[in-house]
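Structure at a glance
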Amino acid sequence: MHTSLHTLCQLTLIAATMLLATGGALAAGTSRDLADAQERYRQEMAVCNSGQSNQDVKTCRIEARNALAEAKRGGLTAAPGQYDRNATQRCEQFKGDERTACEARILNPSRVDGSVAGGGVLRESVIVVPAQ
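The following paragraphs examine the structure supplied in this document. (Residues numbered from 1 in each chain as written. Predicted model: local features only at pLDDT ≥ 70, side-chain atom pairs only at ≥ 80, totals over all residues. Heavy atoms only, no water.)

There is about 300 Å³ of room inside the largest pocket. The wall of the largest pocket is formed by 13 residues, among which Asp33, Leu34, Ala71, Gly74 and Thr77 lie closest to the centre. With seven residues, helix H1 (residues 2–50) is the single largest residue contributor to the lining of the largest pocket. Classifying every residue of the lining of the largest pocket by side-chain character gives four nonpolar, five polar and four charged. (1 Å grid on protein atoms, 1.4 Å probe; cavity = no way out; pocket = protein on both sides within 12 Å on 5 of 7 lines; lining within 4 Å. Points joined across faces, edges and corners; volume = space filled by probe spheres on them. Helix = DSSP H or I, 4+ residues; strand = E, 2+ residues; numbered from the N terminus. Nonpolar A, V, L, I, M, F, W, Y, C, P; charged D, E, K, R; others polar.)

A few words now on the pairing of strand S2 (residues 120–124). Across five bridges, strand S1 (residues 111–115) lies against S2 in antiparallel orientation. When the bridges of S2 are listed, glycine 114 appears paired with valine 121. (Pairing = 2+ DSSP bridges.)

Such a bond, covalent and formed between the sulfur atoms of two cysteines, is termed a disulfide. Applying the stated criterion to the full structure yields two disulfides. Two residues share a disulfide in this structure: cysteine 48 and cysteine 60, whose sulfurs sit 1.8 Å from each other. Of note, the bridge from cysteine 48 to cysteine 60 carries an S-S torsion of about -75 degrees and is left-handed in sense. In this pair, cysteine 48 is assigned in helix H1 and cysteine 60 in helix H2 (residues 57–72), connecting sequence segments 12 residues apart. (Disulfide = S-S within 2.5 Å.)

Right under this line is the structure:
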């Protein structure tokens, strides 16, 4: 009985050591991401405190804290081209020439006016249609 208990303790110790080593390796891969997220948080808080965020200070600080928390959970990763895919996804409701025009406005606008602070951004594309 004593030998079985001793063997069980050794196996438990080995398993715990392996688990800690694996966790350490995983943490090492994300330590750079965490450092980047914390640096972004400091920059965002500086913008909030300077009044240049186009939000009220309280809201800006909440958003910065929430972004840091989400980054710690690994939820703020963006694949290359994700912004364009999200933007063109809005054009899926259109068919044919209307869809082509929608995608042109998003991906290659002729003119962009407005701002987020001003309430919105307007994108314009000019499509020349020959007279019939």
